[in-house]
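Descriptive analysis of the structure
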Amino acid sequence: MKLFQTVGRRKIPGYKSMSLERELVVLDPKKVEYVYFPLVAANNVPLEVFVKEGDKVKVGTKIALKQQFSVPLFSSVSGTVRAIEKRLDVTTGRPCDHLVIKNDFKMTKEKPLKKVELDASKEDIVAAIKEAGIVGLGGANFPTWVKYNNVKDIHTILINAVECEPYLTTDYVSCSLNAAKVISGARYLQKAAGASKVIVAIKVKKEQACNCLKEAAAPYPDIEVREVPDRYPMGWERTLIQTIFKKQYDKLPSEIGVIVNNSTTAIAVHDALVEGSPIVSRIVTVSGNAVKNAANIVVPVGILAETVLNEFEVEEKEVVLLVGGPMTSNPAKDVSFALTACHGALTLLEKVVYRPVACLRCGSCTAHCPAGLQPIEILRAFEGRDYERLEKLETLRCVDCGLCSYVCPSKIEVTDMMKKAKTLLRVHQSRKK
Ligand code: SF4
Ligand code: SF4
């Protein structure tokens with residue numbers, strides 16, 4: 001295996017300044033008549049629902065529980081439960097049941113979650129993170145408490161504020177505005193893992209956020225703010241760990257004594273454990289070359305993409321909407337889907353139709369793959385349904401970073417083909433089992 005041969009080779013345009021030209025926008029809650037919560041989690045496991053039609057809820061009322069890993073969801077508005085209705089779930093691309101809550105526009109708050117002091121036991125901190133339903137807000141959506149449950153031999157908590165995809169600036173804005181919360185949340189995570197050190201990683205040239213973080217971390221000698229190169233995909237966990245620790249791991253960073261959390265997740269830990277507030281709103285970047293007034297906007301969880309986009313001027317052209325950044329996201333079919341806590345960006349790009357030509361065998365996709373894969377060989381094995389070769393070529397190590405499509409001179413959608421190859425191999429492997 002030749003992981004990381006190519007790390008740092010590619011600098012791609014960031015277009016970050018577009019959404020930073022305007023101040024953070026806070027959406028008027030009166031514009032949000034309903035919020036929607038998908039009731040199906042990963043692997044199609046239905047959620048346990050605690051409310052029924054007609055029930056009154058407040059901001060922060062526990063409304064449902066993802067049974068796998070026990071992750072609660074909280075209402076983001078006060079009002080009345082109206083119904084359960086089918087609607088597009090943008091994560092799976094399929095319709096699923098959604099809990100619908102009608103906003104009464106009073107924003108009445110539920111009593112706060114149980115607050116936890118920093119000198120509480122590791123177990124109490126992990127339990128509080130679990131009770132607050134905190135998940136990876138960098139897009140992973142993985143329950144944070146699971147990473148910390150009964151861990152041993154962790155030396156460093158790595159807070160990832162790199163945000164390497166073009167256009168996205170939510171982490172930059174939240175670190176600039178809430179640096180003290182990032183550091184506070186990181187200290188709780190450090191305590192939960194029994195780690196001796198925290199490193200907050202941020203890309204060079206993000207001066208404002210970097211300075212704010214350094215100032216907030218200054219009183220704590222065991223917290224370091226580390227600037228990392230402006231390369232794609234520096235925010236990918238493996239790339240970041242290789243850059244900082246010069247180490248690789250097999251499945252999880254904890255194998256080398258590190259736990260990684262996104263900076264916005266650290267803020268959510270602070271909000272829950274110090275202020276008693278679960279995740280009921282988040283900052284979303286709305287940007288792209290088809291948006292005239294790009295910005296970051298604070299919205300309640302469960303808001304429809306359509307309602308968010310109504311706040312922006314979009315070019316009168318054929319446009320593609322991506323839920324996330326342009327390198328790793330797929331186009332949405334329409335704008336009727338609800339945003340969950342892990343959706344941090346809506347990117348609108350002018351539609352460009354590429355006409356792919358035959359592969360030139362130039363090797364560019366292989367040369368740029370940060371996972372050290374050979375995409376073109378994988379595609380040949382995929383076309384030939386050669387499962388043994390797909391396994392040998394370590395197809396499942398692909399992280400959908402999008403670089404192979406980006407660099408391909410033949411305009412072949414290599415990343416899409418990689419996704420299909422992974423699906424094919426997974427189905428084959430599960431049938432074999
Ligand atoms: S998307 Fe392409 S470049 Fe990125 S990890 Fe997968 S194969 Fe490699
Ligand atoms: S980058 Fe494109 S043209 Fe070059 S080898 Fe890969 S798939 Fe073929």
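This text follows the structure it describes.
Residues numbered from 1 in each chain as written. Chains lettered and ligands numbered in written order. Predicted model: local features only at pLDDT ≥ 70, side-chain atom pairs only at ≥ 80, totals over all residues. Heavy atoms only, no water.

Taken together, C369, P370, P375, C398, V399, D400, C401, G402, L403, C404, T415 and M418 make up the full set of residues adjacent to ligand 1. Listing elements by their share of the shell around ligand 1, those giving two or more residues are α13 (403-407) and α14 (414-432). (Near = heavy atom within 4 Å. Helix = DSSP H or I, 4+ residues; strand = E, 2+ residues; numbered from the N terminus.)

Another aspect to go through is the sheet that holds strand β11 (residues 223-228). If you walk across this open sheet you meet the four strands as β11-β10-β9-β12, and the pairing is parallel. Each edge of the sheet is formed by a strand with only one pairing partner; in this case those strands are β11 and β12 (258-262). Averaged over all adjacent pairs, the angle separating strand axes in this sheet is 25 degrees, with direction ignored. Against the sheet, helix α6 (residues 207-217) engages β10 (197-203) and β11, with an angle of about 165 degrees to β11. The sheet contacts of helix α8 (residues 263-275) involve β9 (156-160) and β12, and relative to β12 the element is tilted by about 85 degrees. (Pairing = 2+ DSSP bridges. Axes fitted to C-alpha atoms, helices over the stretch in contact; angles between N-to-C directions. Contact = heavy atoms within 4.5 Å.)

Lining the immediate environment of ligand 2, one finds C359, L360, R361, C362, G363, S364, C365, I376, C408, P409, S410 and V414. Split into classes, the residues belonging to the shell around ligand 2 amount to eight nonpolar, three polar and one charged. (Nonpolar A, V, L, I, M, F, W, Y, C, P; charged D, E, K, R; others polar.)

Reading across from one edge, β1-β14-β13-β16-β15 is the order of the five strands in this open sheet, with mixed pairing throughout. Looking at strand neighbours, the two that pair on one side only are β1 (25-26) and β15 (319-322), the edges of this open sheet. In terms of strand pairing, strand β13 (residues 281-287) meets strand β14 (residues 295-300) through six bridges, oriented antiparallel. Bridge pairing links R282 to V299 in β14. The sheet contacts of helix α4 (residues 170-177) involve β13 and β14, and relative to β13 the element is tilted by about 130 degrees.

A separate point is α4. Across the eight residues that make up α4, a large majority, seven, are buried. Inspection of α4 places T170, D171, Y172, V173, S174, C175 and S176 among the buried residues, and these make up the whole buried set. (Buried < 20%, exposed > 50% of the residue type's maximum accessible area, 1.4 Å probe, protein only.)

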